[in-house]
Each structure stands twice: as structure tokens, then as C-alpha cells.
Amino acid sequence: MALVKAGVVVLDCAEPEKLAEFYKGLLEAEEIHLTANRVEIRSPDGTQLALRRDVNATPPSWPRPENSLQAHLEFEVTDLDEAERRIVSLGGRPTDTNRATGPFEERSYADPAGHSFSLRRSVPQGPKLG
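Structural notes, computed from the coordinates. (Residues numbered from 1 in each chain as written. Predicted model: local features only at pLDDT ≥ 70, side-chain atom pairs only at ≥ 80, totals over all residues. Heavy atoms only, no water.)

**Section: the pairing of strand 3 (residues 38–42)**
With 5 bridges connecting them, strand 2 (residues 30–35) and strand 3 associate as antiparallel partners. The residue bridging Glu-31 from the neighbouring strand is Ile-41, located in strand 3. The pairing of strand 3 with strand 4 (residues 48–53) spans 5 bridges and is classified as antiparallel. Residue pairing in the sheet places Glu-40 in a bridge with Ala-50 of strand 4. (Pairing = 2+ DSSP bridges. Helix = DSSP H or I, 4+ residues; strand = E, 2+ residues; numbered from the N terminus.)

Structure (C-alpha cells):
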């Protein structure tokens, strides 16, 4: 058994309950733990996120350099347009207007607290030939 194993990604924010609603809606997740300063959620595929209260949290300003991106979440989707509609309906916003097309298309967004994340179109994998 490993001495250390991966835990959960934690996002600091001023209002964890509100941000949890956004990610529960986006990931079709359920709340699995709640305290006064932390909400943890888990999606059907097992992805876990925790939202931790920090009243002094400052969201990154990416792509502006004064408070640059340090980390971001990346989610895989099959339908970028449908996922974008869901993000906007939940209070998120697009941050990248460069809409590259092709098999590795990716789009960038900010959640309601300003955390950066991206959607990457998942490409169906066929059997290897040869």
C-alpha cells in the first residue's frame, strides 16, 4: 500500500456552498461532506472536489498577468456546445474566445468564483490497428 495517495482537489473561495452548487450542476455530482467551512462533492465517475471557505480568496486573473493562472481544472466532454450552455446557465463564463477546431478542441471558462477551468473534447478511441 502506498504511503501517500492522492486526495481531493480543493478550491478556495468566499462562498463554498454557492460554488458547490455550480460544480454539482456541471458534474451531476452529489454532496458527500459538509462543514461550516468546506463542502465536498463527488461525481458519478468518482471525481471529487472540495470547496473551502477563505473570505480573503482572490480569483486568478488569467489571462491577465497581474495574478496569473497557477492551476486549473480540465474536464473532458463529447459536446462542447452543450457543455458551454450548461456552464453559462449555472453562472460560469467563457474566458477564451479563440475557438480552435479539430480533434483536440479546447475551451476555457471561469466558475462563478473566478477559478479557471477548461473543457477538452474527448475523442472516441477506436481499437489499435496493426
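**Topic: the pattern of salt bridges**
Using the criterion set out here, one finds 12 salt bridges in the structure. Here Glu-21 ties to Lys-24 by a salt bridge, and the two come within 2.9 Å at their closest N and O atoms. One end of the pair, Glu-21, and the other, Lys-24, are both in helix 1 (residues 16–27), 3 residues apart, so they sit about a helical turn from each other. Taking relative accessible area as the criterion, Glu-21 reaches 47% and is therefore assigned partly exposed. (Salt bridge = Lys/Arg side-chain N within 4 Å of Asp/Glu carboxyl O. Buried < 20%, exposed > 50% of the residue type's maximum accessible area, 1.4 Å probe, protein only.)

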